[in-house]
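The residues making up each chain are set out below.
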Amino acid sequence: STLFPYTTLFRSGAIIVVLLARDFLRNWHRASDAAIPWHLTWGYILASLLVTWAMYALLIAAWRGVLSGWGSRLGYLDAARIWTLSSLGKYVPGKVWSIAGMAVMARQLGVPGMIATASAIVMQLLSIAAGAMLAVVLIGTDLLLRASPYLTATAVTLMAVVPLVMVTDRKSTV
């Protein structure tokens, strides 16, 4: 049945949420006894969840845009499923499983392997560059230079390279 992968995904997600909630409640006394003043505001928590989900929705749409630029198409739900499942690969030692998982699952839906892999790498580079630019804007280069000259050099390099990647001919082959 076509719903099987989605049912399995939902069940897996529900189990993870239940286990996290159980551990959170079991260890709440440790957090509440800490010398940190806790003021949970459910409105802020809900807003942060909405912002996070919106960010994921934008990342998925951007990935579909990169794929489309190279002549491949994925439906939004298929792309969301691939993005979500492959994101779990970040927690497996090796650091390549997220990209590899994305490429394999996209290839199973008709996206050529090279395009699937290249698009995943481009999205990682764009995410890193966006984070670096935001860090430079919010923190400033002085603090970054004191923290790590290599980090600053990487941020500046990415800020120079990413716009070039974004303006290159979208009809180029990978």
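Just so you know, these numbers come straight off a predicted model, no measurement behind them.

Focus on helix 3 (residues 42-69)
Step number 1: Helix length check: helix 3 (28 residues) gives 40 Å between terminal C-alpha atoms against 40 Å at 1.5 Å per residue, within 8%.
Step number 2: Taken together, the buried positions of helix 3 are occupied by Leu59, Ile60, Trp63, Val66, Leu67 and Gly69.
Step number 3: Considering only its buried residues, helix 3 is in contact with helix 4 (76-87), helix 5 (97-108) and helix 6 (113-139).
Step number 4: A positive backbone phi angle near 85° is found at glycine 71, which sits one or two residues after helix 3.

What about the confidence of the model for the protein chain?
Step number 1: In this model, the protein chain carries an average pLDDT of 79, and 80% of its residues clear a pLDDT of 70 or more.
Step number 2: Per-residue pLDDT, averaged within each element of the protein chain, yields its smallest value for helix 8 (residues 149-167) (67) and its largest for helix 3 (90).

Notes on the pattern of salt bridges
For side chains of opposite charge, pairing can occur when their charged atoms come near one another.
Step number 1: Taken as a whole and judged by the stated rule, the model has one salt bridge.
Step number 2: Across the pair arginine 22 and aspartate 23 runs a salt bridge, and its minimum N-O distance is 3.4 Å.
Step number 3: In this structure aspartate 23 comes out as partly exposed when scored by relative accessible area, which is 34%.

A few points about helix 6
Step number 1: In this model helix 6 runs 38 Å from its N-terminal to its C-terminal C-alpha over 27 residues, within 8% of the 39 Å that 1.5 Å per residue would give.
Step number 2: Looking at helix 6, one finds that the buried residues are Ile115, Ala116, Ala118, Ser119, Ala120, Val122, Met123, Ala129, Ala132 and Val136.

Let's talk about the layout of surface pockets
Step number 1: Computed from the structure, the largest pocket encloses a volume of approximately 750 Å³.
Step number 2: Around the largest pocket sit 21 residues that line it, and Ile16, Val17, Trp53, Thr84 and Leu88 are the ones nearest its centre.
Step number 3: Looking at the lining of the largest pocket, the elements that each hand over two or more residues are helix 1 (4-26), helix 3 and helix 4.
Step number 4: Considering only residue class, the lining of the largest pocket consists of 15 nonpolar, five polar and one charged.

Examining the packing of aromatic side chains
Step number 1: Going through the model one piece at a time under the given rule, you end up with two aromatic pairs.
Step number 2: Look at phenylalanine 24 and tryptophan 28: their rings are 5.3 Å apart centre to centre, the planes differ by 50°, and that puts the pair in the tilted class.
Step number 3: Its relative accessible area of 48% is what places phenylalanine 24 among the partly exposed residues.
Step number 4: By relative accessible area, tryptophan 28 is classed as partly exposed at 29%.
Step number 5: Here the aromatic rings of tryptophan 63 and tryptophan 83 are separated by 6.1 Å at their centres, their planes lie at 50°, and the arrangement is tilted. Separated by 20 residues along the polypeptide, tryptophan 63 in helix 3 and tryptophan 83 in helix 4 bring together distant segments of the chain.
Step number 6: In this structure tryptophan 83 comes out as buried when scored by relative accessible area, which is 9%.

Basis of the calculations
Residues numbered from 1 in each chain as written. Predicted model: local features only at pLDDT ≥ 70, side-chain atom pairs only at ≥ 80, totals over all residues. Heavy atoms only, no water. Helix = DSSP H or I, 4+ residues; strand = E, 2+ residues; numbered from the N terminus. Expected span 1.5 Å × (residues − 1). Buried < 20%, exposed > 50% of the residue type's maximum accessible area, 1.4 Å probe, protein only. Contact = heavy atoms within 4.5 Å. pLDDT = per-residue confidence, 0-100. Salt bridge = Lys/Arg side-chain N within 4 Å of Asp/Glu carboxyl O. 1 Å grid on protein atoms, 1.4 Å probe; cavity = no way out; pocket = protein on both sides within 12 Å on 5 of 7 lines; lining within 4 Å. Points joined across faces, edges and corners; volume = space filled by probe spheres on them. Nonpolar A, V, L, I, M, F, W, Y, C, P; charged D, E, K, R; others polar. Phe/Tyr/Trp six-rings, centres within 6.5 Å; stacked < 30°, edge-to-face > 60°.

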